[in-house]
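Fold and geometry: a report
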Amino acid sequence: MTAPIPGPALSGPPLPEPSLAGEPLGEPTAPAAAGEDPARARRAGSATWRAFRRQPLGMFSLVVLALIVLVSVLAPVLSAPPASYGPDVLRPPGGGHPFGTDALGRDVLAEVVWGTRQSVLVAVAASAIAIAFGTLVAVVGAYFRRVDAVVGVLVDLTLSLPVLPLMILVAALAGPSTTTIILVVAAFSWPEVTRLVRSQALAVVGLPYVDAARLMTRDAAWIIGRHVVPAVTPVVVVSVVVTASRAVLSAAGLAFLGLGDPTTWSWGRILYEAQQSGSMVSAWWLTLFPSLAILALVLSATLLSIAYNDARNPRNQDR
């Protein structure tokens, strides 16, 4: 037997020895997902906020929405509840009544201020229900591919239905109330949320760190809550704003048709009262101010979602 020929020594640092106290050999380790690292999440949030502040329309929309929410909270402080009637009938905007009065002499400014509470309540409650249900259906369907086929058919079928006639029918059968309006608007808003979140969730479920998480645990609820839901959260934020604006439009439309809560003031009810009294054409201020309030909320919510979406784009963020 001959001795082996000695070769050149290998250069570089020595290979680390496997530690018996550490993880066992062959155990897969999932890479850190986007959003799991707190420092990375803070840096991403700071970059998004800096990019958002550079957009004037986005900041203006944020201020408008904050003012609307503030008015809804401080409505009892800003104005007394609208009276049943008043001495000044159909008075145009002036010193005593900045927004004028309606056919029964009630102050339109008080109606708009107190109507803000109802509109914001419907927008927040309906969008919260639609977002929660739509996101749950989207992430579960994306994780379980057999369920995804059923979810896709259900969403496509719901989106193909005529929404407004069905909303009118359900609201008329259930009876006019705030709870009915919230549930009806939420029931016809979740498919849009599901379609938007589902497309993002399908891309996340196929990433390597989700596959590694499946090797470490069989708990689907833990994987969805730990990995899938945080990854689709930015899309959910956009959905919240868009769904809230649509909820305001739907609630105002139902109230204008007489299907709103007759015991609570809303922007749609102001328009309904003006139409019922026959003063919608002659008294222009009865339609102008509630319409401007609806326009301000819907337009600012839409612009805010667009600005936030642009701020999340890495090209618009500081390097």
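Shown above is the structure to which this text applies.
Residues numbered from 1 in each chain as written. Predicted model: local features only at pLDDT ≥ 70, side-chain atom pairs only at ≥ 80, totals over all residues. Heavy atoms only, no water.

**Topic: empty space enclosed by the protein**
Tallied over the full model, the rule gives 1 cavity of 30 Å³ or more. For the largest cavity, the lining is made up of 15 residues, of which Gln 118, Ala 251, Ala 252, Ala 255 and Ser 266 are closest to its centre. Those elements that place two or more of their residues in the lining of the largest cavity are α4 (108-143), α7 (178-187), α10 (220-256) and α11 (267-277). The element that contributes the greatest number of residues to the lining of the largest cavity is α10, accounting for 4 residues. Of the residues belonging to the lining of the largest cavity, the class tally is 7 nonpolar, 7 polar and 1 charged. (1 Å grid on protein atoms, 1.4 Å probe; cavity = no way out; pocket = protein on both sides within 12 Å on 5 of 7 lines; lining within 4 Å. Points joined across faces, edges and corners; volume = space filled by probe spheres on them. Helix = DSSP H or I, 4+ residues; strand = E, 2+ residues; numbered from the N terminus. Nonpolar A, V, L, I, M, F, W, Y, C, P; charged D, E, K, R; others polar.)

**A look at the pattern of salt bridges**
Under the criterion given, the structure shown has 9 salt bridges. Two residues, Arg 106 and Asp 102, come together in a salt bridge whose shortest N-O distance is 2.8 Å. In terms of burial, Arg 106 and Asp 102 fall into one category: buried. Across the pair Asp 211 and Arg 214 runs a salt bridge, and its minimum N-O distance is 2.7 Å. Note that Asp 211 and Arg 214 are positioned in helix α9 (residues 208-216) at a spacing of 3 residues, about one turn of the helix. Through salt bridges with shared partners, a single ionic network connects Asp 102, Arg 106, Glu 111, Arg 269 and Glu 273. (Salt bridge = Lys/Arg side-chain N within 4 Å of Asp/Glu carboxyl O. Buried < 20%, exposed > 50% of the residue type's maximum accessible area, 1.4 Å probe, protein only.)

**Side note on the side chain of Ser 79**
The residue Ser 79 is located in the loop between α3 (75-78) and α4 in this model. Judged by its relative accessible area of 16%, Ser 79 is buried. If sequence neighbours within four positions are ignored, Ser 79 has contacts with Ala 110, Val 113 and Trp 114. (Contact = heavy atoms within 4.5 Å.)

**Observations concerning helix α2 (residues 56-73)**
Given a rise of 1.5 Å per residue, 18 residues ought to cover 26 Å, and the 26 Å separating the end C-alpha atoms of α2 matches this to within 8%. Every buried residue of α2 is accounted for by Gly 58, Ser 61, Val 64, Leu 65, Ile 68 and Ser 72. Within α2, the buried residues cover an arc of 125 degrees as seen down the axis, which keeps them to one side. Of the residues in α2, the exposed ones pointing more than 90 degrees away from the buried face are Pro 56, Phe 60 and Val 73. (Expected span 1.5 Å × (residues − 1). Arc of directions from axis to C-beta.)

**Re the environment of His 97**
Mapping His 97 onto the fold places it in the loop between α3 and α4. On the accessibility criterion, His 97 (17% relative accessible area) is buried. Each C-alpha atom, one on His 97 and one on Leu 109, is 7.2 Å from the other, the two residues being 12 residues apart in sequence. Residues contacting His 97, with those up to four places away along its chain left out, are Asp 88, Arg 91, Pro 92 and Asp 107.

**So, the nonpolar core**
One finds Val 112, Val 248, Trp 267, Trp 285, Leu 286, Ile 294 and Leu 297 to be the most contacted residues of the largest nonpolar core, which totals 33 residues. Among the elements that make up this core, the one with the highest residue count is helix α12 (residues 285-311) (11 residues). Leaving out residues up to four positions away in the same chain, Trp 285 has contacts with Leu 90, Arg 91, Pro 92, Pro 93, Phe 99, Gly 100, Thr 101, Val 108 and Pro 290. Ile 131, Val 204, Ala 213 and Val 236 belong to the second largest nonpolar core, which has 21 residues in total. (Core = buried A, V, L, I, M, F, W, Y, C linked by side-chain atoms within 4.5 Å.)

**Remarks on the packing of α4 against helix α8 (residues 190-205)**
At their nearest, the axes of α4 and α8 sit 8 Å apart, and the two run at 35 degrees to each other. Along this stretch, α4 crosses α8, giving a crossing that reads as right-handed. Of the residues in α8, those touching α4 at Ala 130, Ile 131, Phe 133, Gly 134, Thr 135, Val 137, Ala 138, Val 139, Ala 142 and Tyr 143 are Trp 190, Val 193, Thr 194, Val 197, Arg 198, Ala 201, Leu 202 and Val 205. (Axes fitted to C-alpha atoms, helices over the stretch in contact; angles between N-to-C directions. Left-handed = near helix turned anticlockwise from the far one by under 90°.)

**A closer look at the layout of surface pockets**
Reported here for the second largest pocket is a volume of approximately 320 Å³. Listed by contribution, the elements that provide at least two residues to the lining of the second largest pocket are α5 (145-160), α6 (163-174), α8 and α10. In terms of residue count, α10 provides more of the lining of the second largest pocket than any other element does, 5 residues in total. Counted by class, the lining of the second largest pocket contains 9 nonpolar, 5 polar and 2 charged residues.

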